[in-house]
Amino acid sequence: MTSMSSSARPLLNRRLAEFGTTIFAEMSALAVTTGAINLGQGFPDTDGPEEIREAAVRALRDGRGNQYPPGPGVPELRTAVADHQRRRYGLSYDPDTEVLVTAGATEAIAAALLALVEPGDEVVALEPYYDSYAACIAMAGGTRVPVTLRPHEGAFRLDLDELRDAVTDRTRLLLLNTPHNPTGTVLTRGELAAIAELAVERDLLVVTDEVYEHLVFDGAEHIPLASFPGMRERTVSIGSAGKTFSFTGWKVGWVTAAPALLTAVRSAKQYLTYVSAGPFQYAVAEALALPDSYFAAYRQDMEAKRNLLAAGLAEAGLGVYRPAGTYFVTTDIRPLGESDGIAFCRSLPERAGVVAVPNAVFYDHREAGAPFVRFAFCKRVPVLQEAVQRLKALAG
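Everything numeric in this text was worked out from a predicted model, so none of it was measured.

Caption draft 1: Structural context of the overall build of the protein. The number of helices and strands found in the protein is 14 helices and 15 strands. Taking the principal axes of the C-alpha coordinates as reference, the protein spans close to 60 × 60 × 50 Å. Across the 396 residues that make up the protein, the buried fraction comes to 55%. Counting contacts in the protein only where the partners sit at least 6 residues apart, residues at least 24 apart contribute 75% of the total. Carbon together with sulfur atoms contributes 51% to the accessible area of the protein, which is approximately 16400 Å² in total. Each charge class in the protein can be summarised by its mean position, and for the 38 positive and 47 negative side chains these summaries are 4 Å apart.

Caption draft 2: Structural detail: the sheet that holds strand E2 (residues 99–102). Pairing in this open sheet of 7 strands is mixed, and the strands run E2-E10-E9-E8-E7-E3-E4 from one edge to the other. In this open sheet, the two edge strands, each paired with only one partner strand, are E2 and strand E4 (143–148). Pairwise comparison of adjacent strand axes, ignoring direction, gives a mean angle of 20 degrees for this sheet. Judged from the 4 bridges that link them, strand E8 (residues 205–209) and strand E9 (residues 235–240) form a sheet pairing that is parallel. Bridge assignment links Val206 to a residue of E9, and that residue is Thr235. Along the sheet, helix H4 (residues 104–116) contacts E2, strand E3 (122–127), strand E7 (171–177), E8, E9 and strand E10 (253–256); its crossing angle with E9, the most-contacted strand, is approximately 160 degrees.

Caption draft 3: The arrangement of helix H10 (residues 278–288) in detail. Of all 11 residues in H10, 9 are buried, a share of seventy percent or more. Listed as buried for H10 are Gly278, Pro279, Gln281, Tyr282, Ala283, Val284, Ala285, Ala287 and Leu288. The inward-facing, buried residues of H10 contact helix H2 (50–62), helix H3 (75–89), E2, helix H8 (241–245), E10 and helix H11 (292–315).

Caption draft 4: Inspection of unusual backbone geometry at higher detail. The step from Glu127 to Pro128 runs through a cis peptide bond, and the omega angle for that step is 5 degrees. Here Pro128 shows up in the loop between E3 and helix H5 (131–140). Omega for the peptide link from Asn181 to Pro182 comes to 15 degrees, which places this bond in the cis form. If you check the backbone angles, Glu153 has positive phi at about 50 degrees while not being a glycine.

Caption draft 5: Seen up close, the packing of H4 against H5. In contact at an axis separation of 9 Å, H4 and H5 are set at 30 degrees when each is read in the N-to-C sense. Here H5 runs roughly parallel to H4, going by the angle between their axes. Crossing of H4 over H5 shows right-handed handedness. Contacts between H4 and H5 involve Thr106, Ile109, Ala110, Leu113 and Leu114 from the first element and Ser132, Tyr133, Cys136, Ile137, Met139 and Ala140 from the second. Grouping the constituent residues of the contact of H4 with H5 by class yields 9 nonpolar, 2 polar and no charged.

Caption draft 6: Quick look at the packing of aromatic side chains. Tallying each qualifying case throughout the model produces 17 aromatic pairs. With a centroid separation of 4.5 Å and 10 degrees between ring planes, the pair formed by Trp250 and Phe280 is classed as stacked. You can see Trp250 sitting in the loop between H8 and E10 and its partner Phe280 sitting in helix H10, a full 30 residues away along the chain. Take Trp250: its relative accessible area is 13%, and that puts it in the buried class. Ring-pair connections join several aromatic residues into one group, and the members of that group are Phe24, Tyr130, Tyr133 and Phe362. The side chain of Arg64 reaches across the aromatic face of Tyr282, ending 4.9 Å from its centre. The lysine or arginine in question, Arg88, covers the ring of Phe295, its NZ or CZ lying 5.2 Å from the ring centre.

Conventions adopted
- Residues numbered from 1 in each chain as written.
- Predicted model: local features only at pLDDT ≥ 70, side-chain atom pairs only at ≥ 80, totals over all residues.
- Heavy atoms only, no water.
- Helix = DSSP H or I, 4+ residues; strand = E, 2+ residues; numbered from the N terminus.
- Buried < 20%, exposed > 50% of the residue type's maximum accessible area, 1.4 Å probe, protein only.
- Contact = heavy atoms within 4.5 Å.
- Areas by Shrake-Rupley, 256 points an atom, 1.4 Å probe, with all protein chains shown as cover.
- Lys, Arg positive; Asp, Glu negative; His and termini not counted.
- Charge placed at Lys NZ, Arg CZ, Asp CG, Glu CD.
- Pairing = 2+ DSSP bridges.
- Axes fitted to C-alpha atoms, helices over the stretch in contact; angles between N-to-C directions.
- Parallel < 35°, antiparallel > 145°, perpendicular 65-115°, else oblique.
- Left-handed = near helix turned anticlockwise from the far one by under 90°.
- Nonpolar A, V, L, I, M, F, W, Y, C, P; charged D, E, K, R; others polar.
- Phe/Tyr/Trp six-rings, centres within 6.5 Å; stacked < 30°, edge-to-face > 60°.
- Lys NZ or Arg CZ within 6 Å of the ring centre and 35° of its normal.

Below is the structure:
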């Protein structure tokens, strides 16, 4: 057996060379080794509705989904997704030709980008961006073109002129996320209308990650881009059960798009997981049919948790950007006399017994994100209260 020489080609595909272990894995491991409260990774510490968990158990026992489900997803879930889009947004999708079930939103994004992007294509994405976006663009051979959301009057805002300037003859696709992780920004009707006009004018495809659609606060409104003129036939909309029903481990997501777009995405998706989460698909179909009171109570619960953590972070001396959506709060560490978010997050478990995530890892322009740090509030109230108590050490 010959050993590899040091001059041999690296094992990892060079398109992925810049992507090491995700920051979430690093920070979650740090939480375990230090016993710190993990407000880094965005997963709830309680399960979602008991009746939905029981629906999954029932499906398992009844033998529904224990073998390969249909490639596009079980009919019950595709119908439930279509009903949800119509009931909430007045968007009409055919469950048979315009809905695709995926292994979470992460696979949906991967499948969409692998299907629609070719080497040399440019993909415009809002930065900071969820880390899988950059990796998926790279795997597709595309070039990512970041447009930076910048702090303005207590929130992170999109500069529409900057977005327009980022589009070139090589731009194939806009990749949007609203409500936006990690900043908590929710794009307004006016901003979305301008994006829609730009997409139509430049004949661009758009992939919209809307997994936090049910988590909007302070009267903000989530409006799907697909509902704007000229957008339905060029938009791939992505949703997920994990964030809405607090079953992140089930990995059930979905795509809604016009038939030609959906067929393209499905062509890539079938060679990724083929199918997944059979019994859970039946449970999520029931979850999507829950009454509006469930979604309202869920939002109110998260809004109260947001207020609790945001107040505690401000008390600890951090600059706080109150999110209009998602379950994350972005903070500015400069009021504490610091400017390196990565170093701050690595030292935070030791200093205050809390884990957070540095926003810089979500930027191409690292310096633009350097002083910002993200905390998750999708935890039980006593956990958040304890975290707030611990964070007071920073002010001291």
